[in-house]
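What follows is the residue order along each chain.
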Amino acid sequence: MEASAKEGTFWQDDTPKDQSYAPLSSTILKDFGLGKENSRFVMTLDELRKSPPNIVVAKAIRRFGFVQNWFKKQELEKDKSYVMGLGVYQQLQSAGSKYLKNQQNKKLLKPSPIKFKNVYNPYEGQDLTDKTLLVFRTGGIGDLLFIQPNLIYLKSKYPSCKIIFACGPQYQPMVENWECVDEVTDLPFTLSKLREADYHALFEGVIERCREAETVNAFVLFTRWMGLNLPIEMLRPRQFPKEDKLDECMKLLDEWKLTNQKFIVTQLRASSPIRTPRPSIWLKLIDELTDRGFNILITDNPRQTEFVDLFIKEAKNKDKVFNFCSHSKSIDYTIAITSLASLVITTDSALGHIAESVGTRGYGLYGPFPAEIRLSTYPGFKWVNAVRDCAPCFIHSPKPCPKAGSDGFSPCYDNLNITQIIEDIEGML
């Protein structure tokens, strides 16, 4: 498939055109209890513990609403203080400057007199009998699943503890189904919610600002961060699809005449273009698989439906490629369809972690990050790492690879051996 508009649409619909924000002044950082050193990399988790996390308490100057990832509207009340990541504070301030341009005061938030570091009580393995633990992470689905095995363990060891999980609304349909979680709340959340908890488990910087994350599996890092050090065999996420979503998916498979047939679920893009192979690579892989009789279901959020339709039009065996995007109205639909699949093929994205959590085998295509630091605790997975002089680069960014061409796709994936990948997948099935 030639490089065209279709080559560049698999992420730009979900990623703001400009995610660059003016750096915060040293005065603002000081008001939050932070300093310039909070942006530096550290070598170990022990070093990371010594600096305050990049989490802030901000007071709303006015009442306003916003929507995270097109999922639901959230409202912050005037004069209330909220806990949020430093990046979220910058995003909301930037939005205020854009949408309040005709008003003298364009700001939505200001630093609260209460500094996060003065309320934060990190959980590092303490006894949780009759205690409340507030867990929060600003990352995506994979990051939340990295945490989950630890919560399963804690709820089993301390049945009387209360576990509150704060995350983006788009992830809540998944987390609310976890038996180890007693309450799910939005991010940002109120300062009073932070004070309600005896201990706090947050993971800012564990992956993004620690060099250990370049060699140590994320599950191992997260359990060490919580002071639990669980063995590898306990570091596997576990969840079950919701019955109503499962029923809907089974009816859809019946409509597509896929009942009792093997099918592979895949997602063409990660949440960042730097972890996304170009569509022509996916096309070659899917054509080879459908030539061998495999059916392919492509999942993503409903906003990607049109783009996936364009992709399927380029496929050699269109009758064996199905667009699930419009049916995945929330993450629990993808969880359900993945639980019914024979295999998933995934780039460095949530789909692989979802597959492991529901007991479905998978194959990972990795480039900027080595697969071992994400998948090595998954016995049902195989993977391939891209080979290139600059890979792995360990770049965390919502922007394209610095070495990408005009289409924005990471060139490391261009070196994948499709023939070997097909042989591996056939062997797994």
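Above: the structure in question.
The notes below deal with the structure included here. Source: prediction; values computed, not measured. (Residues numbered from 1 in each chain as written. Predicted model: local features only at pLDDT ≥ 70, side-chain atom pairs only at ≥ 80, totals over all residues. Heavy atoms only, no water.)

## Topic: helix α5 (residues 141-157)
Working note: α-helix, 3.6 residues per turn, so residues spaced by three or four point in the same direction.
Then, number 1: Here α5 contains 17 residues, and its C-alpha end-to-end distance of 25 Å stays within 8% of the 24 Å for a straight helix at 1.5 Å per residue.
Then, number 2: With 13 of 17 residues buried, α5 is to be regarded as a mostly interior element. (Helix = DSSP H or I, 4+ residues; strand = E, 2+ residues; numbered from the N terminus. Expected span 1.5 Å × (residues − 1). Buried < 20%, exposed > 50% of the residue type's maximum accessible area, 1.4 Å probe, protein only.)

## Some words on the pairing of strand β7 (residues 162-167)
Then, number 1: For β7, a buried count of five out of six residues is recorded, marking the element as mostly surrounded by other parts of the structure.
Then, number 2: Strand direction decides the pairing type here: strand β6 (residues 132-136) and β7, joined by five bridges, are parallel. Its bridge partner lying in β7, T132 is registered against K162.
Then, number 3: Once the chain exits β6 it traverses α5 before rejoining the sheet at β7, and the crossover so formed is right-handed.
Then, number 4: Pairing geometry for β7 and strand β8 (residues 183-186), over four bridges, is parallel. Paired with A166 across the bridge in β8 is T185. (Pairing = 2+ DSSP bridges. Right-handed = clockwise from strand over helix to strand, strands pointing away.)

## As for helix α15 (residues 418-428)
Then, number 1: Regarding α15, the residues found buried are I418, I421, I422, D424, I425 and M428. Projection of α15 onto a plane perpendicular to its axis shows the buried side chains occupying an angular sector of 160°, all on one side. Projecting away from the buried face of α15 at angles above 90 degrees are the exposed residues T419 and G427.
Then, number 2: Where α15 is buried, its residues contact β11 (263-266), α10 (279-291), β14 (343-346), β15 (362-366) and β16 (381-385). (Arc of directions from axis to C-beta. Contact = heavy atoms within 4.5 Å.)

## Comments concerning the sheet that holds β8
Then, number 1: Read from one edge of the open sheet, four strands run β8-β7-β6-β10, paired in parallel fashion. The open sheet has two edge strands with one neighbour each: β8 and β10 (199-202). Across this sheet, the average inter-strand angle for adjacent strands is 25°, counted without regard to direction.
Then, number 2: Lying over the sheet, α5 contacts β6 and β7, oriented at roughly 170° with respect to β7. (Axes fitted to C-alpha atoms, helices over the stretch in contact; angles between N-to-C directions.)

Remember, this is a structural readout, not a statement about activity or role.
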